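One-letter residues, chain by chain:
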Amino acid sequence: MDTISFISSLRQQALLLGDYNAYRQMCSRRLAKLRKKLGRVNDPRKKDQKPAPVTAEDVAKDSIYTHLLVYPSERAWAHAMHMKSFTSDSPDTVSPELRNHIRSRFAKAASYAKQLRQLYATPESNASDVDIIEAAAYAMSLLGALAFEKGHWEDALREFAVSRMCYDALLVSGGKNGEVYKEFLTSTVEPSIRYSAYQNGIARTVDIGVLARQFFPKEAEKELVERLKKVHSGAFEGAAVGEAMEGLEQASLVNEVHWRGRRALVEEMDIAVTLGAAKKAEEELGKVLEGKKAGSGGKRAAEDFDRVLAAWQECVDESKKAVDKAYGEGVSGADPRLQKLQLIYTYVNYGLIGWRVGRNRVMAEEIERGLREAENVQCGKVRELVVLYDAILQSLDQITELPGVAADEDFFQELEAKRGFFAALRCAAIAPSHLATNSRNTLALYHRALTHITTSLSCLPTSPSSTKLEISTSDAQSLKSHLHALVTRYIALIQLQDYIQKTQKDTPVTHASLIDTLGTYNEKIVFGNLVPVKNGVEAVPVKPVFFDIAWNFVGYAVNGEEKMMEVQNKEKGEQAPVKKGGFLGGLFGR
């Protein structure tokens, strides 16, 4: 008879209308048309006349008679949801009259759904097991909504558990309505089970299927249990559900946390459970990363951190809710209970930020590895790398805003040192992109990175820690050495560029020949100007023997008197004695 499929199509039309009140009016119009079509219109002269009941024989004759129960049920449900939509912004200010009206509409919708279930359970209706299970799922979901609205969490959990088991059995059995069953499960039933379990103090880590099997009233629903087993034989497998849930709860609870030498007991059950789930997720992530590290060619992906981040985010949400609740109750800041909650809040936030930074560091390492392997600077990858380091620096700034961090001077200095380490990495990542345009900018960025790491190196902790914010002293020292080498290299490069520019500027237009400038460095050699070729007379180097010969023919002043033999001999008329000797003797004055 496809009851659930028909109801799903109606509610999809309600989504198109965009308003529960419009959906309610649509159900009223269709119900009036259907009653007129089936000849079940009430006499307007009889005000207290009740509509004729739908019998099993009517359903066996035509399944459209079931719509006489579905339409009023959906109309009452839409009316309740319409009124409830006005209370979503301020649920605490809802008047008792409005709340009672909402509950009455849910009760009326559930009453029609119960009639439909009883009608299908009658053998004369010729309804199949699937039809009976669908009617039970629909009726119990409306009864669960009524208990949910009243705040009867145990009843709501029990009734939604029945609905969940019915939908689960129908989904496993297959059929054309699988997507419809899945939609009802994910949109209404499972969120309601989870919230009802939370209100009953049950850990969130317990599987919804386990909760549904445990809270299913088998004694009260014996006939339904038999029908469910016919549709799905393994619907109630797992006899020791309660024992398994207790063991899971004990294993996933964290009773105390330690933060900077201080200890705080975790008294809130939700925080203890979420912390246990976060620790378990960390262990699973550690195994995954170790497996990828040991495997051949395995790469650590950022998606592996998503489950851990989600678990820590849930811890943050629960601790924030507990702190806000304490403030709402008027608890003073000096109260030990509030101080413990603030300590836990700082602890879980630090854990979340630490794993967030760890994920960003993994992604940054992958990008840096790709940049080292690339031949040219890839601006897109550099931009992604800078965005990751900006996110890390922003996360470190968020830690300084947590309660109690600013008062811890040693921890604050440690955070500043870690911030300097990542700031140095950020500057070093940007520097190569300026090399093609201005090498001085590259030198300035490397020098700034070196300043950051030099300042931070003395404040980094020497003892290792298990957080993802850990920075080893050896890594920081290695980064400092690398940056120092880069700074020295680019200083030399810039000085060489300056010298070349100065040399080119001071060189005249008419360059000297290469033979005359062998004592200086020439960047460019003009092969057409190796030696000078001129027509003029120039002095050339000669052998020393010619200077010795010339010495004999030059007179120099000695004690103010001038020796000029030739001139004096002519004035006195005296003839100089002729010396006898050979040719070589005459040359050397003999």
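This text goes with the structure placed above it.
Small disclaimer: the values here were computed from a predicted structure and weren't measured.

Undergrad: Pulling in residues and values, what's your account of the overall build of the protein chain?
TA: Along the backbone of the protein chain there are 21 helices and 4 strands. Burial analysis of the protein chain (590 residues in total) assigns 37% to the buried set. For the protein chain, long-range pairs separated by at least 24 residues make up 66% of all intrachain contacts whose partners lie at least 6 apart in sequence. Of the accessible surface of the protein chain, which amounts to about 35400 Å², a share of 52% is contributed by carbon and sulfur atoms.

Undergrad: An account of the environment of Arg 426 is requested, with residue identities and associated values reported.
TA: Its location among the elements puts Arg 426 in helix 16 (residues 409–430). Taking relative accessible area as the criterion, Arg 426 reaches 26% and is therefore assigned partly exposed. In this structure, the C-alpha to C-alpha distance between Arg 426 and Val 386, residues 40 residues apart in sequence, is 6.0 Å. Ignoring sequence-local partners within four residues, the contact set of Arg 426 consists of Val 386, Tyr 389, Asp 390 and Leu 393.

Undergrad: Lay out the pairing of strand 1 (residues 256–259) in plain terms, naming residues and giving numbers.
TA: Residues of strand 1 alternate between two faces, with Val 257 and Trp 259 buried on one and Glu 256 and His 258 left unburied on the opposite face. Note that strand 1 and strand 2 (residues 262–265) share 4 bridges and pair antiparallel. Paired with Glu 256 across the two strands is Leu 265, which belongs to strand 2. Hairpin connection of strand 1 to strand 2: 2 residues between the antiparallel strands, including Arg 260 at a positive phi of 55°.

Undergrad: Summarise the packing of aromatic side chains; cite the residues concerned and give the values.
TA: For the coordinates displayed, the defined rule picks out 15 aromatic pairs. With centroids separated by 5.7 Å and ring planes inclined at 85°, the aromatic side chains of Tyr 20 and Trp 77 adopt a geometry described as edge-to-face. Separated by 57 residues along the polypeptide, Tyr 20 in helix 2 (residues 20–38) and Trp 77 in helix 4 (residues 67–85) bring together distant segments of the chain. The exposure class assigned to Tyr 20 is partly exposed, which follows from its relative accessible area of 31%. Taken together, the ring pairs connect Tyr 20, Tyr 23 and Trp 77 into an aromatic cluster. For Arg 11, the ring lying beneath its charged end belongs to Trp 77, and the centroid distance is 3.9 Å.

Undergrad: Explain the side chain of Glu 221 to me, using residue names and the numbers behind them.
TA: Residue placement: Glu 221 occurs in the loop between helix 9 (208–215) and helix 10 (222–231). Residue class for Glu 221 comes out buried when judged on its relative accessible area of 13%.

Undergrad: Which residues make up the pattern of salt bridges, and what values do they have?
TA: By the definition in use, this model includes 23 salt bridges. Here Glu 74 makes a salt bridge to Arg 11, at a shortest N to O gap of 2.9 Å. With Glu 74 in helix 4 and Arg 11 in helix 1 (residues 3–17), the pair connects residues that are 63 residues apart, well separated along the chain. The pair Glu 74 / Arg 11 is uniform in exposure class, with both members buried. Residue Glu 219 pairs with Lys 222 through a salt bridge whose shortest N-O separation is 3.6 Å. Each member of the pair, Glu 219 as well as Lys 222, carries the same accessibility label: exposed. A single salt-bridge network, built from bridges that share partners, covers Arg 260, Asp 408, Glu 414 and Lys 418.

Undergrad: Tell me about the packing of helix 14 (residues 336–373) against helix 15 (residues 379–400), and name the residues and values.
TA: Two elements in contact, helix 14 and helix 15, have axes separated by 9 Å at closest approach and are oriented at 160°. Relative to helix 15, the element helix 14 lies roughly antiparallel. Between helix 14 and helix 15 the crossing geometry is left-handed. Of the residues in helix 15, those touching helix 14 at Tyr 350, Ile 353, Arg 356, Val 357, Asn 360, Arg 361, Met 363, Ala 364, Ile 367, Glu 368 and Leu 371 are Lys 381, Val 382, Glu 384, Leu 385, Leu 388, Tyr 389, Ala 391, Ile 392, Ser 395, Gln 398 and Ile 399.

Undergrad: Could you give an account of the environment of Lys 340, naming the residues involved and the relevant values?
TA: Assignment of secondary structure puts Lys 340 in helix 14. Accessibility expressed as a relative area gives 30% for Lys 340, which makes it partly exposed. Distance from Lys 340 to Val 323, taken between C-alpha atoms, is 9.6 Å for residues 17 residues apart in sequence. Among all residues touching Lys 340, those that are not within four sequence positions of it are Ala 264 and Glu 267.

Undergrad: Help me get a handle on a nonpolar patch on the surface, residues and values and all.
TA: Taken together, the side chains of Ile 515, Leu 518, Ile 525, Phe 527, Leu 530, Val 531 and Val 533 define a hydrophobic patch exposed on the protein surface, amounting to about 750 Å² of accessible area. By the element assignment, Phe 527 lies in the loop between helix 18 (473–506) and helix 19 (544–551). With a relative accessible area of 66%, Phe 527 lands in the exposed category.

Reading the values: the criteria
- Residues numbered from 1 in each chain as written.
- Predicted model: local features only at pLDDT ≥ 70, side-chain atom pairs only at ≥ 80, totals over all residues.
- Heavy atoms only, no water.
- Helix = DSSP H or I, 4+ residues; strand = E, 2+ residues; numbered from the N terminus.
- Buried < 20%, exposed > 50% of the residue type's maximum accessible area, 1.4 Å probe, protein only.
- Contact = heavy atoms within 4.5 Å.
- Areas by Shrake-Rupley, 256 points an atom, 1.4 Å probe, with all protein chains shown as cover.
- Pairing = 2+ DSSP bridges.
- Phe/Tyr/Trp six-rings, centres within 6.5 Å; stacked < 30°, edge-to-face > 60°.
- Lys NZ or Arg CZ within 6 Å of the ring centre and 35° of its normal.
- Salt bridge = Lys/Arg side-chain N within 4 Å of Asp/Glu carboxyl O.
- Axes fitted to C-alpha atoms, helices over the stretch in contact; angles between N-to-C directions.
- Parallel < 35°, antiparallel > 145°, perpendicular 65-115°, else oblique.
- Left-handed = near helix turned anticlockwise from the far one by under 90°.
- Patch = residues over 30% accessible without salt bridge, like charges linked within 9 Å, V, L, I, M, F, W, Y side chains within 5 Å.

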